[in-house]
Amino acid sequence: MLIVVFGVREPAHADDGKELAAPLHIREVRMLGSAYWSIVAIGAVVTLAGFSTAFIVLRAQDVGLALALIPLVFIVMNVIFAIAAYPAGVLSDRYGRSGLIVAGLVVIIVADVMLALASGIWVVMCGVALWGLYMGLTQGVLMALVADTAPERLRGTAFGMFNLVSGIAMLFASVIAGWLWDQFGAPAPFIASAIFATIALAGWTLQRLRSG
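All values reported here derive from a predicted model rather than from experimental measurement. (Residues numbered from 1 in each chain as written. Predicted model: local features only at pLDDT ≥ 70, side-chain atom pairs only at ≥ 80, totals over all residues. Heavy atoms only, no water.)

Looking now at the nonpolar core. Within the largest apolar cluster, 56 residues are counted, with the highest numbers of intra-cluster contacts made by Tyr36, Val73, Trp131 and Phe190. Only helix 3 (34-49), helix 4 (54-62), helix 5 (71-95), helix 6 (98-117), helix 7 (121-149), helix 8 (155-184) and helix 9 (187-211) provide two or more residues apiece to this core. If one sorts the elements of this core by residue count, helix 7 sits on top with 11 residues. When near neighbours in sequence (up to four residues on either side) are disregarded, Tyr36 contacts Val146, Thr149, Ala150, Thr157, Ala158, Met161 and Phe162. (Core = buried A, V, L, I, M, F, W, Y, C linked by side-chain atoms within 4.5 Å. Buried < 20%, exposed > 50% of the residue type's maximum accessible area, 1.4 Å probe, protein only. Helix = DSSP H or I, 4+ residues; strand = E, 2+ residues; numbered from the N terminus. Contact = heavy atoms within 4.5 Å.)

Okay, structure coming up:
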């Protein structure tokens, strides 16, 4: 909040005297373009892989983490997320977005396998750390890709649609994860997450190949 208040400055815009259009119109949504919608689709599948962190907490409890130590899950995840996010942004700006998306998806697949097969708390915590790394590698980069592919005058709409689709995907992901946990046991949601991440990785690779 302090960074926003003291460190962010709004760039100057020329006032052309024209009134702003309505907040959202279906015509503008259609103008976002295929490149943007491919990012939205990949983002939705990535979100399906990254279901609610509540299931990671449940997994930690399942292997014996004491209730009083549950905050450690969030601490480890968010510390790794915070550490990874800035370097990921720098690498993204210098060398491109694609490699970081691929790296992030590979990381979450490894994390899912560890969480699915874990029989002790240390393996779970390693999976938690990798989950934080995945978030650091992908979350900011996906936002940058939205900005890269959306027309400048529609970037607000683009971010809104991206978050709408991602929110719906997160809801479905959590429902699916909960059902899998109840029906097939604790490892099942993480196996499903690895499958979704693999689908996202394949889709991303195909999209990159088509775009050259």
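Here we take up helix 8. The terminal C-alpha atoms of helix 8 lie 42 Å apart, and with 30 residues this matches the ideal 44 Å at 1.5 Å per residue to within 8%. Thr157, Ala158, Met161, Phe162, Ser166, Ala169, Ala173, Ala177, Gly178, Leu180 and Trp181 are the residues of helix 8 that are buried. One or two residues past the end of helix 8 sits Gly185, with phi positive at roughly 105°. (Expected span 1.5 Å × (residues − 1).)

Let's shift gears to the pattern of salt bridges. Going through the model one piece at a time under the given rule, you end up with 3 salt bridges. One salt bridge in this structure joins Asp93 and Arg97, with 3.0 Å as the shortest N-O distance. Classification of Asp93 as exposed rests on a relative accessible area of 61%. Take Arg97: its relative accessible area is 18%, and that puts it in the buried class. One continuous salt-bridge network, built from bridges that share partners, spans Asp93, Arg97 and Asp148. (Salt bridge = Lys/Arg side-chain N within 4 Å of Asp/Glu carboxyl O.)

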